[in-house]
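# Coordinates in review
Here is what each chain is made of, one letter per residue.
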Amino acid sequence: RYQRSIAELAERHTASENSAGGAAGGASDEERKKWAKEALKHAGRTQKDSEASLARSTQIVEQTERLGQETAVVLKSQTEQMKSVYADLTSMESELRAANKLIIKFGRRVTTDRITACLLVCILLGIIGAIATGVLNPPSPPQPLPTPIPPPPPAS
């Protein structure tokens, strides 16, 4: 496209050089040639600048596309990790609930065992106390029973 524009400018320049008659505004042939050459140089510079800018823009777009694709891959990987972490977290929550129930159950058993142990110690102390009392205070010898009073004789 730019090549066509430059070619058209060159043709117009050649045509203006070959045309008969003076330039508008009284410009000489030398001035017109100089102006045409400057216009062609400017057009060439503009075309080169535009091509370079277009190449940089294309490169930036390609880099952006690559970065977008890499980001999409990383994002997908992180999404999968998040799903896995969420599943693990859900599993841990249910396991923690079950463990909490077991801890409460064990706590109750321990309390029951302690109460039972205290009662056994109390019974054991009672037995030891009874034995100690029996050993330290032996029973006194049996006292003779008072003789029974004989019944009154029958009245005759």
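Everything numeric in this text was worked out from a predicted model, so none of it was measured.

### Thoughts on the overall build of the protein chain
- On a plain count of helices and strands, the protein chain comes out with 2 helices and 0 strands.
- By residue count, 4% of the 156 residues in the protein chain fall in the buried class.
- Surface exposure of the protein chain reaches about 14,200 Å², of which carbon and sulfur atoms provide 64%.

### Describing the pattern of salt bridges
- All chains considered together, the criterion is met by 1 salt bridge.
- Between E93 and R97 there is a salt bridge, and its shortest N-O distance comes to 3.9 Å. Residue E93 and its partner R97 are both found in helix α2 (residues 29-136); the two are separated by 4 residues, about one turn of the helix.
- Exposure remark for R97: the relative accessible area of 54% places this residue in the exposed category.

### Side note on a positive patch on the surface
- Taken together, the side chains of K33, K37, K41 and R45 make up a positively charged region of the molecular surface.
- Among the residues examined, K33 registers a relative accessible area of 31% and is labelled partly exposed.

### Describing a nonpolar patch on the surface
- The grouping of L120, I123, I127, I131, V135 and L136 at the surface amounts to a nonpolar patch, some 650 Å² of accessible area in total.
- Here I131 shows up in helix α2.

### Topic: the confidence of the model for the protein chain
- On average, residues of the protein chain score 85 in pLDDT, and 88% of them are at 70 or above.
- A low-confidence stretch, residues 20-25 (pLDDT under 50), is modelled with 3 contacts involving residues beyond four sequence positions or located in other chains.

### A closer look at α2
- With 108 residues, α2 should reach 160 Å at 1.5 Å per residue; the first-to-last C-alpha distance of 152 Å fits that figure.
- Turning to α2, its buried residues are R32, A36, A43, G44 and Q47.

### Section: the state of the cysteines
- In total, this model carries 0 disulfides according to the counting rule given.
- In this model C118 remains outside any disulfide bridge; the closest cysteine sulfur is found in C122, 6.7 Å from its own.

Conventions and cut-offs
Residues numbered from 1 in each chain as written. Predicted model: local features only at pLDDT ≥ 70, side-chain atom pairs only at ≥ 80, totals over all residues. Heavy atoms only, no water. Helix = DSSP H or I, 4+ residues; strand = E, 2+ residues; numbered from the N terminus. Buried < 20%, exposed > 50% of the residue type's maximum accessible area, 1.4 Å probe, protein only. Areas by Shrake-Rupley, 256 points an atom, 1.4 Å probe, with all protein chains shown as cover. Salt bridge = Lys/Arg side-chain N within 4 Å of Asp/Glu carboxyl O. Patch = residues over 30% accessible without salt bridge, like charges linked within 9 Å, V, L, I, M, F, W, Y side chains within 5 Å. Lys, Arg positive; Asp, Glu negative; His and termini not counted. Charge placed at Lys NZ, Arg CZ, Asp CG, Glu CD. pLDDT = per-residue confidence, 0-100. Contact = heavy atoms within 4.5 Å. Expected span 1.5 Å × (residues − 1). Disulfide = S-S within 2.5 Å.

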